[in-house]
Every structure is written in structure tokens, then in C-alpha cells.
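One letter stands for each residue in the lines below.
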Amino acid sequence: MLMYIYLAEGFEETEMIAPLDLCRRAGIDAKTVSVTGNTGVTGSHGITVKADMLASDANYTPENADIVMLPGGLPGTNGLEASDAVQNAIHKAYDGGKLVCAICAAPSVLGKAGLLQGKKATCYPGFEKYLLGATPVSEKVVRDGNVITGIGMGAAVEFGLEIVSAVCGKETAEKLKNGIIA
């Protein structure tokens with residue numbers, strides 16, 4: 001099971017690291033992918049991380065990865081939306097029935113791409129207008145088919161656990177939740 005987490009300058013650090021950590025604990029091979037052209041990517045609060053690979057090396061296809069995830073944050077969300085690699089990955093993953101996940105402002109990328117049609121979705125308050133075709137809800141985490149959305153940083157652990165539940169099963173997610181005392 002392989003997961004790509006796309007990063008652009010100004011991503012929300014906790015929304016990336018919490019799901020990444022939880023997915024790796026569950027045995028998912030989660031990789032961070034920079035869309036900036038450099039492996040060093042700085043988050044919205046000045047924390048720089050070294051991505052596992054560049055988007056040009058990831059070359060997403062539904063055959064080589066099972067999950068695509070987008071953390072929120074600004075201006076990171078704008079950078080993700082502008083990235084051809086991200087647009088390619090979210091469309092191919094969605095069309096291939098793979099899991100597409102976004103949290104905070106990043107569900108707007110899915111909405112603008114037409115991937116939320118007829119689905120329930122959540123996002124950071126104020127971004128609902130970009131969830132084109134979706135029914136916005138104020139829940140912390142929403143899973144509708146092969147799309148998981150999260151409301152924001154405060155839901156990053158729940159969001160990560162929902163990804164684990166979707167790919168590894170509820171029992172694995174519950175065991176992990178109990179292990180981290182969530």
C-alpha cells in the first residue's frame with residue numbers, strides 16, 4: 001500500500017505530519033512528494049521538511065500508488081492547485097477508484113477539479129464555496145466513497161485515522177487510536 005502526500009511551500013505542517021505518522025504506524029508506505037522542484041519544503045509556520053521525492057520522480061498512476069493526500073495551509077493549497085503533478089494525481093486516483101484525501105483548505109482543490117460532485121465534504125470554514133458540487137458539512141472528518149476530507153489542523157489525527165480505517169480496516173485504526181491515547 002503506497003501513499004503520496006503532496007507538499008507545496010506554505011503547507012500546514014500538522015496536517016501533513018499527523019496523517020503521515022499514523023499511516024506509517026499502520027504499515028502504509030507513505031511518501032512525501034514536493035511539487036516545488038526542491039526536496040526542502042517550508043510549511044506555513046516556518047518548519048522545513050525534506051520530502052521523500054520530487055513530483056517529477058513520483059509520476060503518479062493508480063498502479064503505483066493507492067492513496068493521494070493533500071494537506072491544507074496557505075499558500076500551500078494554492079501551490080497544490082497550480083501543480084500539474086497534483087492535478088494529474090488527483091484525477092487519475094479518483095478515476096482509478098483510489099483514495100483521494102484532503103484537509104483544511106485543500107478540499108477546495110478537489111472541488112475546483114470537479115471531484116466532489118454529489119459527495120459530502122468538509123473543509124476549513126470559509127472554503128465551502130470552493131467545494132463545487134459537494135454538500136458541505138461541518139463534521140471534523142467525512143468519508144464519501146473514495147474521498148476523505150478533514151476540517152482542519154485540529155482534526156489531523158482523526159483524519160489520519162480515517163485514512164488508516166479506509167485502507168487497513170476499522171480494527172487497525174481503533175488499535176492505533178488506543179495506542180496513541182486519542
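Report follows, based on the coordinates. (Residues numbered from 1 in each chain as written. Predicted model: local features only at pLDDT ≥ 70, side-chain atom pairs only at ≥ 80, totals over all residues. Heavy atoms only, no water.)

**Section: the packing of helix α1 (residues 13–25) against helix α6 (residues 156–168)**
A pair of packed helices can be characterised by two numbers: the angle between their axes and the separation between those axes.
Phase 1: Orientation of α1 relative to α6, taken along the N-to-C sense of each, is 40°, at an axis distance of 8 Å. As α1 runs across α6, the sense of the crossing is right-handed. Every residue of α6 that contacts α1 at Thr-14, Glu-15, Ala-18, Pro-19, Leu-22 and Cys-23 is listed here: Ala-156, Val-157, Phe-159, Gly-160, Leu-161, Ile-163 and Val-164.
Phase 2: The residue inventory of the contact of α1 with α6, partitioned by class, reads 10 nonpolar, 2 polar and 1 charged. (Axes fitted to C-alpha atoms, helices over the stretch in contact; angles between N-to-C directions. Helix = DSSP H or I, 4+ residues; strand = E, 2+ residues; numbered from the N terminus. Left-handed = near helix turned anticlockwise from the far one by under 90°. Contact = heavy atoms within 4.5 Å. Nonpolar A, V, L, I, M, F, W, Y, C, P; charged D, E, K, R; others polar.)

**Points about the side chain of Glu-13**
Phase 1: Relative to the helices and strands, Glu-13 resides in helix α1.
Phase 2: At 3.3 Å, the side chain of Glu-13 and the backbone nitrogen of Ile-47 are in polar contact.
Phase 3: Aside from chain neighbours lying at most four places away, what touches Glu-13 is Gly-43, Ser-44, His-45, Gly-46 and Ile-47. (Polar contact = N/O pair within 3.5 Å; in protein donor to acceptor, adjacent residues only side chain to side chain.)

**Topic: the environment of Ala-26**
Phase 1: Locating Ala-26 in the fold gives a position in the loop between α1 and β2 (29–34).
Phase 2: Along the primary structure Ala-26 and Leu-161 are separated by 135 residues, whereas in three dimensions their C-alpha atoms are 9.3 Å apart.
Phase 3: If we skip the residues at most four places from it in the chain, Ala-26 touches Val-164, Cys-168, Thr-172 and Leu-176.

**Some details on the sheet that holds strand β1 (residues 2–7)**
Phase 1: Across the sheet, 7 strands lie side by side as β5-β2-β1-β6-β7-β11-β10; this open sheet has mixed pairing. In the strand order of this sheet, the two ends are held by β5 (53–54) and β10 (141–144), each with one partner.
Phase 2: As judged from the 2 bridges shared by β2 and β5, these two strands associate in the parallel manner. What sits directly across from Ser-34, in β5, is Leu-54.
Phase 3: Of the strands in this sheet, β1, β2, β6 (67–70) and β7 (99–103) touch α1, which is tilted by about 150° from β2.
Phase 4: Relative to β7, α6 is tilted by about 175°, and along the sheet it contacts β1, β6, β7, β10 and β11 (147–150). (Pairing = 2+ DSSP bridges.)

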